[in-house]
Amino acid sequence: HPQGTCRMGEDPKKAVVDSWGRSHDIPNLWITDASTHPTSAASHTMAPVMALARRSADRILQWA
């Protein structure tokens with residue numbers, strides 16, 4: 001399932017990306033889709049995905 005496959009978290013041993021969506025292993029790779037959610041959702045995920053993508057974009061712009 002596409003959700004939960006790139007878990008978000010601060011511990012690189014337990015998560016693929018940090019809490020901003022930035023990869024722990026690949027520099028400048030950001031993942032901002034439903035794969036960062038911890039599990040499959042029971043409802044539509046469009047709004048949360050859009051919110052996380054916007055949050056990550058703001059963070060990227062801060063570093064640019």
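See the structure shown above.
Please read these numbers as outputs of a predicted model, since none were measured by experiment.

1. A short note on the overall build of the chain
Step number 1: The number of helices and strands found in the chain is one helix and zero strands.
Step number 2: For the chain, whose C-alpha radius of gyration is 11 Å, the value lies close to the compact-globule estimate of 11 Å for 64 residues.
Step number 3: In terms of overall dimensions, the chain has C-alpha extents of about 35 × 25 × 15 Å along its principal axes.
Step number 4: When the 64 residues of the chain are sorted by exposure, 27% land in the buried category.
Step number 5: A sequence separation of at least 24 residues applies to 40% of the contacts in the chain between residues at least 6 apart.
Step number 6: Counting every atom, the chain has about 4,500 Å² of accessible surface; 59% of that belongs to carbon and sulfur.
Step number 7: Here the chain holds 7 positive side-chain charges and 6 negative ones, and the gap between their average locations is 3 Å.

2. Some remarks on the side chain of Q3
Step number 1: Looking at where Q3 falls in the secondary structure, it is placed in the segment before α1 (46-63).
Step number 2: In this structure Q3 comes out as buried when scored by relative accessible area, which is 14%.
Step number 3: When sequence neighbours within four positions are dropped, the list of residues in contact with Q3 reads A34, S35, H37, T39, S40, A41 and T45.

Reading the values: the criteria
Residues numbered from 1 in each chain as written. Predicted model: local features only at pLDDT ≥ 70, side-chain atom pairs only at ≥ 80, totals over all residues. Heavy atoms only, no water. Helix = DSSP H or I, 4+ residues; strand = E, 2+ residues; numbered from the N terminus. Rg over C-alpha atoms; globule rule 2.2 N^0.38 Å. Buried < 20%, exposed > 50% of the residue type's maximum accessible area, 1.4 Å probe, protein only. Contact = heavy atoms within 4.5 Å. Areas by Shrake-Rupley, 256 points an atom, 1.4 Å probe, with all protein chains shown as cover. Lys, Arg positive; Asp, Glu negative; His and termini not counted. Charge placed at Lys NZ, Arg CZ, Asp CG, Glu CD.

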